[in-house]
Amino acid sequence: MGNSRRVKVGIIGASGYGGVQLVRLLMDHPEVELVYLGGESSAGKSFADLYPHLAHIVNQPIEAIDPQTIATRCEVVFLSLPNGLAYKIAPQLLDKGLTVLDLSADYRFRNLTTYTNWYGAQRTDLATAATAVYGLPELYRDRIAEAQLIGCPGCYPTASLLALSPLLKQGLIVPETAIVDAKSGTSGGGRQAKVNMLLAEADNSLAPYNVVRHRHTPEIEQICSDLAGHEVTIQFTPHLVPMVRGMLATVYATLRDPGLVRDDLITIYKAFYRNSLWVKVCEPGVYPQTKWACGTNLCYIGIEVDPRTGRVIVMSAIDNLIKGQAGQAIQCLNIIMGWDETLGLPKLGFYP
Ligand SMILES: NC(=O)C1=CN([C@@H]2O[C@H](COP(=O)(O)OP(=O)(O)OC[C@H]3O[C@@H](n4cnc5c(N)ncnc54)[C@H](OP(=O)(O)O)[C@@H]3O)[C@@H](O)[C@H]2O)C=CC1
Ligand SMILES: CC(=O)N[C@@H](CCC(=O)OP(=O)(O)O)C(=O)O
């Protein structure tokens, strides 16, 4: 704190899981100064009241959300709020020259009719939404560098798209055969109380949910369509796993060329991600586990081909709260600011 050369950053929604991850990571970021924490029901409390174990790191008050105050203090703002709130706040912050990184779904859709169909809210902010860049650095690094407004993808789209992108971009699969089978830890549901997240409900169980109607389906399809060069439909099924953190997406698709073997694909993936320090493509026969990524901004990708069925199987593991959320947003900030893309982001996890 107190270094005037650092970029002044605020977090709105600091009390939530995304917010606390941002606080933890940004307090260790060498180029930023955390000057504002905002919230709704937590406003008036101190951050340390909510997270006493972090009192030695940050003990700022959480303030009521007031765009005027935010604009006078901050140069950059992270919005870590439930869907449907960012688009009501962001335009005022953008008008005042701030850079906005939104962790919700509000600015991820090019077509706002799609947003309305899946999220309910009617949107009139077409001009603002049109300026947003989809914050997946491994695909859109150059556009992110020029952006003032980023719609950061969440955990399911991140894990799914990092697994699918090389296949689609290089026309290696029949896109419509792609199936994404994804599993999330319970922190993916946020900090608010929900019955299906109770230990007594979620423990000892692996539960599919929102089958054929999960709101991440159109988001994944939007980017897959971009990559394929035509409209693509994807089968996406999410599951809740009795663990707190982590996500594994297993993707299946039919190869166009049945002669392609696993090692060819591993070579292709390594080339595709050669400039992406946060993606680690596993060696032949090595399959990623969620605990490898836990606590890091890394995405581990494993690849296999089944010569019997002609399908490729790609497995992608991330920490839903870091590469799937807060870490990704900070990676985008690093790119916007022209900083090293790894600044402030953890590459070593919790597990041996
Ligand atoms: N959890 C995850 O793995 C991922 C989540 N996301 C997305 O990130 C965003 C944040 O998620 P997450 O941190 O998990 O959510 P949480 O439920 O943990 O936190 C939500 C935050 O929003 C604030 N908030 C709630 N209602 C309002 C309101 N009406 N006005 C202003 N602030 C409000 C809360 O503040 P207060 O406590 O003060 O009321 C809290 O800080 C969501 O859009 C989510 O979809 C994206 C990727 C992954
Ligand atoms: C386990 C769980 O409930 N997960 C959340 C996804 C959280 C997330 O990533 O949301 P966004 O990407 O939209 O921000 C869900 O299925 O809705």
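No experiment lies behind these values; they were computed from the predicted model shown. (Residues numbered from 1 in each chain as written. Chains lettered and ligands numbered in written order. Predicted model: local features only at pLDDT ≥ 70, side-chain atom pairs only at ≥ 80, totals over all residues. Heavy atoms only, no water.)

Novice: Describe in detail the pairing of strand S4 (residues 76-79), supporting the description with residues and values.
Specialist: Alternating positions in S4 separate into two faces, Val-76 and Phe-78 on one and Val-77 and Leu-79 on the other, with burial throughout. When strand S1 (residues 7-12) meets S4, the two strands line up parallel, connected through four bridges. Looking across to S4, one finds that Ile-11 is bridged to Phe-78. Two strands pair when backbone bridges link them, and S4 and strand S5 (residues 99-102) are joined in this way by four bridges, in the parallel orientation. When the sheet's bridge partners are listed, Val-76 is paired in S5 with Thr-99. In terms of handedness, the path from S4 via helix H4 (residues 86-95) over to S5 forms a crossover that is right-handed. (Buried < 20%, exposed > 50% of the residue type's maximum accessible area, 1.4 Å probe, protein only. Helix = DSSP H or I, 4+ residues; strand = E, 2+ residues; numbered from the N terminus. Pairing = 2+ DSSP bridges. Right-handed = clockwise from strand over helix to strand, strands pointing away.)

Novice: Explain the UniProt feature "active site" (unreviewed entry) in the protein to me, and be specific about the residues and the numbers.
Specialist: The feature "active site" (unreviewed entry), as given by UniProt, occupies Cys-155 in the numbering adopted here. Note that Cys-155 resides in helix H8 (residues 155-169). Ignoring any residue separated from it by four or fewer positions in sequence, one finds Cys-155 in contact with Met-247, Ile-318, Asn-320 and Gly-324. (UniProt positions renumbered as here; feature names shortened; annotations may be inferred. Contact = heavy atoms within 4.5 Å.)

Novice: So, the packing of helix H1 (residues 17-27) against helix H13 (residues 322-337): which residues are in play, and what are the values?
Specialist: Running from N to C, H1 and H13 cross one another at 50°; their axes reach a closest spacing of 9 Å. With respect to their mutual orientation, H1 and H13 come out oblique. Pair H1 / H13 crosses with right-handed handedness. Together, Tyr-17, Gly-18, Gln-21, Leu-22, Leu-25 and Leu-26 of H1 and Ile-322, Gln-325, Ala-326, Gly-327 and Ile-330 of H13 make up the contact between the two elements. Class assignment of the residues belonging to the contact of H1 with H13 gives a composition of seven nonpolar, four polar and no charged. (Axes fitted to C-alpha atoms, helices over the stretch in contact; angles between N-to-C directions. Parallel < 35°, antiparallel > 145°, perpendicular 65-115°, else oblique. Left-handed = near helix turned anticlockwise from the far one by under 90°. Nonpolar A, V, L, I, M, F, W, Y, C, P; charged D, E, K, R; others polar.)

Novice: Talk me through the environment of Asn-275; I want residue IDs and the actual numbers.
Specialist: Assignment of secondary structure puts Asn-275 in the loop between helix H11 (262-272) and strand S12 (279-281). By relative accessible area, which is 56% here, Asn-275 ends up exposed.

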